[in-house]
Amino acid sequence: MMNREEAWKLLTEYNKESFHLRHALTVEGIMRYFAKDLGYGDQEEYWGNIGLLHDLDFELYPEEHCVKSQELMRAHNVDESIIRSTASHGYGLTAANIAQEHQMEKVLFAIDELSGLIGAAALMRPSKSVQDMELKSLKKKFKDKHFAAGCNRDVIKQGAEMLGWPLDELMEKTIAAMRVDEAAINEVCDKL
């Protein structure tokens, strides 16, 4: 099974832009948080690697998202479980026809778009941080369809439903998850 260093090396082979690397690191951190929170602590690195690699193909092959990544990963002998799980976040949104089955895949689907919305909302704050973000402030941004218009609110709602959680719970937990690694991610991204 791939370790974190190998996952990072593969990610940076196909991704160079700071924006994409920051997103990958953010989703990795959120996935690690949820692995522990949901009782999968022994799989924390695996969940994190899924988050790190979920958009492997997006920078270079956006039109083939979640399809090209499967080809790239197979060329690097990545385990089929990682290929399947990373591609599943595109089910119903891309040509990848792999439905979410495992709770980890459902979490990835639910938090991918949401992490972008939270990140954009954080940049609007005086602190430029999620550390002082409150749920009510995020909910205002969520309702404003002009704010971070590229973040698909329907996908976020569908993800919460898939997990069986109220939308507020998904938002609150994802904010909490993003707080954990924010400083470390900023430090890495400042060096890119």
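Refer to the structure above for everything that follows.
Because the structure is predicted, anything quoted here is derived from the model rather than measured. (Residues numbered from 1 in each chain as written. Predicted model: local features only at pLDDT ≥ 70, side-chain atom pairs only at ≥ 80, totals over all residues. Heavy atoms only, no water.)

Peer 1: Hey, could you run me through the packing of aromatic side chains in this one?
Peer 2: How two aromatic rings sit relative to each other is set out by the distance from centre to centre and by the angle between their planes. Applying the stated criterion across every chain yields a total of three aromatic pairs. Plain terms: the ring middles of Y33 and F34 are 5.6 Å apart, the flat faces sit at 85° to each other, and that makes the pair edge-to-face. By relative accessible area, which is 23% here, Y33 ends up partly exposed. What links up through ring pairs into an aromatic cluster is the set Y33, F34 and W165. When the ring centre of F147 is taken as origin, the NZ or CZ atom of K141, which lies over that ring, is 4.8 Å away. Its guanidinium or amino end placed over the ring of F142, R153 lies 5.9 Å from that ring's centre, counting from NZ or CZ. (Phe/Tyr/Trp six-rings, centres within 6.5 Å; stacked < 30°, edge-to-face > 60°. Buried < 20%, exposed > 50% of the residue type's maximum accessible area, 1.4 Å probe, protein only. Lys NZ or Arg CZ within 6 Å of the ring centre and 35° of its normal.)

Peer 1: Honestly, the layout of surface pockets in this entry has me stumped. Any pointers?
Peer 2: Rolled over the atoms, a probe as big as a water molecule pinpoints where empty space is left. Taken as a whole, the largest pocket encloses approximately 970 Å³ of empty space. What lines the largest pocket is a set of 33 residues, and nearest its centre among them are F19, H23, D112, S115 and G116. Put simply, the parts of the chain that give the lining of the largest pocket at least two residues each are α2 (18–37), α6 (103–123) and α9 (167–190). Looking at the lining of the largest pocket, the element that brings in the most residues is α6, giving nine residues. When the residues that make up the lining of the largest pocket are grouped by side-chain class, the tally is 15 nonpolar, 12 polar and six charged. (1 Å grid on protein atoms, 1.4 Å probe; cavity = no way out; pocket = protein on both sides within 12 Å on 5 of 7 lines; lining within 4 Å. Points joined across faces, edges and corners; volume = space filled by probe spheres on them. Helix = DSSP H or I, 4+ residues; strand = E, 2+ residues; numbered from the N terminus. Nonpolar A, V, L, I, M, F, W, Y, C, P; charged D, E, K, R; others polar.)

Peer 1: How do you make sense of the packing of helix α4 (residues 68–75) against helix α5 (residues 80–88) when you look at a structure like this?
Peer 2: The geometry of a pair of packed helices is captured by two quantities: the angle between their axes and the separation between those axes. Contact geometry for α4 and α5: axes closest at 10 Å, N-to-C directions at 165°. With respect to α5, the axis of α4 lies roughly antiparallel. Of the two possible hands of crossing, α4 and α5 adopt the one that is right-handed. Contacts between α4 and α5 involve Q70, M73 and R74 from the former and E80, I82, I83, T86 and A87 from the latter. Class assignment for the residues of the contact of α4 with α5 results in four nonpolar, two polar and two charged. (Axes fitted to C-alpha atoms, helices over the stretch in contact; angles between N-to-C directions. Parallel < 35°, antiparallel > 145°, perpendicular 65-115°, else oblique. Left-handed = near helix turned anticlockwise from the far one by under 90°. Contact = heavy atoms within 4.5 Å.)

Peer 1: Just to check I follow, could you spell out unusual backbone geometry for this structure?
Peer 2: What is expected of a backbone is that most residues other than glycine have negative phi and most peptide bonds are trans. Even without a glycine there, the phi angle at C66 is positive, about 75°. Within the secondary structure, C66 sits in the loop between α3 (44–53) and α4.

Peer 1: Sorry, what's going on with α9 here?
Peer 2: Helical periodicity: at 3.6 residues per turn, an α-helix aligns residues three or four positions apart in one direction. Between its first and last C-alpha atoms α9 spans 32 Å; for 24 residues at 1.5 Å apiece the expected length is 34 Å, and the two agree. Its axis deflected by about 50° at D181, α9 carries its strongest bend there. Listed as buried for α9 are L170, M171, T174, I175, A177, M178, E182, I185 and C189. On its buried side, α9 packs onto α2, α6, α7 (135–143) and α8 (153–163). (Expected span 1.5 Å × (residues − 1). Bend = angle between axes of the 7 residues up to and from the residue.)

Peer 1: For this particular structure, what's the right way to read the pattern of salt bridges?
Peer 2: Tallied over the full model, the rule gives 13 salt bridges. With a closest N to O distance of 3.3 Å, E44 and R32 form a salt bridge. Remark: R32 occurs in helix α2 and E44 occurs in helix α3; sequence separation between them is 12 residues. Of the charged contacts, one joins E187 and K191 as a salt bridge, the two residues approaching to 3.9 Å between their closest N and O atoms. Classification of E187 as partly exposed rests on a relative accessible area of 49%. A residue is classified by how much of its surface remains accessible, and K191, at 67% relative accessible area, is exposed. (Salt bridge = Lys/Arg side-chain N within 4 Å of Asp/Glu carboxyl O.)

Read these as layout, nothing more, since geometry by itself doesn't imply function.
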